[in-house]
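Architecture at a glance
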Amino acid sequence: MILEEGDVLLRPLSIKDTDFLLGIRNDLEFADEFFSDPPTYDFAHNSWLQSAAKNNIELIIEFKSERAGQIRLTDIDYRHQKAQFGIMIARSFQGKGIAFDSSRIFFEYVFRNLPINKIYLELFANNSPAMRLYEKLGFVEEGRFRQEYYKRGEFMDTIRMSILREEWGRTR
């Protein structure tokens, strides 16, 4: 599956993207927003890639033919028609609207072509840039998990958000 609109192209993740993804995952500033802690090693990434391919939709985001990030659906549950969403944009590409455009293209495909009724996500409560993005896309807060993760020497709350197929249809 390749999705393209304007300067944004979404294409399947490949083993050739390993160094790019590890560069993002192991960036200590950026890694503060991940639930896992660095470092992520290439052998662990490659092992994950082998298993992820069976249950996830993992795409690389290209902007003007350069790798800019990753977008994904994980924990896809076709019986209950839901999946977890994730996106990460390399620091040098942030602030250009790529996350919004990529997500819009991706959700349009998912809600039109897959038996998915609900896309949900979880983020740290203090990640206001991500919160603004998700709200702009139409996500609504479902709940707060108090002191859910211990990171940077403190307990941190997370927020779960979601968007339903019918809500996506109304926002487009």
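Structure's up top.
These lines cover the structure that appears in this document, whether it is placed above or below. Per-chain numbering applies: the sequence of each chain, read as written, is numbered from 1 onward. The predicted nature of this model means local features are confined to residues of pLDDT at least 70 and side-chain atom pairs, given and counted, to a pLDDT of 80 or more, with totals for whole chains, interfaces and linings taken over all residues. Think of the side-chain values as coming from all heavy atoms in the structure, minus any hydrogens and water.

Here a helix means four or more residues in a row that DSSP labels H or I, a strand means two or more in a row labelled E, and each is numbered from the N terminus. Tracing the chain through its elements places methionine 131 in helix α5 (residues 128-137). Partly exposed residues are those whose accessible area sits between 20% and 50% of the maximum for their type, while under 20% is buried and over 50% is exposed, using a 1.4 Å probe and protein chains only. The buried category is assigned to methionine 131, whose relative accessible area is 11%. Along the backbone, methionine 131 and methionine 161 are 30 residues apart, and their C-alpha atoms lie at a distance of 9.0 Å. Apart from the residues lying within four places of it in its own chain, the contact partners of methionine 131 are Leu123, Ile159 and Met161. Between two residues, a contact is recorded if the distance between any of their heavy atoms is within 4.5 Å.

Moving on to the environment of isoleucine 57. Turning to its location among the elements, isoleucine 57 is positioned in strand β3 (residues 57-63). The class for isoleucine 57 is buried, based on a relative accessible area of 13%. Between the C-alpha atoms of isoleucine 57 and arginine 72, which are 15 residues apart in sequence, the distance is 5.4 Å. The contacts of isoleucine 57, once residues within four sequence positions are left out, are Met1, Ile71, Arg72, Leu73, Ile76, Phe106 and Leu114.

For strand β5 (residues 82-89), the tally of buried residues reaches six of eight residues, placing the bulk of the element in the interior. Bridge count between strand β4 (residues 66-77) and β5: seven bridges; the pairing is antiparallel. Within β5, the position partnered with aspartate 77 by the bridge is lysine 82. The antiparallel hairpin formed by β4 and β5 contains four residues in its connecting segment, where glutamine 81 sits at a positive phi of about 55°. Of the pairings in the sheet, the one linking β5 to strand β6 (residues 118-124) comprises three bridges and is parallel in character. Considered in β6, the bridge of lysine 82 is made with lysine 118. The handedness rule is simple: strands pointing away from the viewer, and a clockwise path from the first strand over the helix to the second, make the crossover right-handed. Assessed by its sense of winding, the connection that carries the chain from β5 through helix α4 (residues 98-113) to β6 is right-handed. Two strands qualify as a pair provided DSSP detects at least 2 bridges between them.

Just geometry here; none of it tells us what the structure is for.
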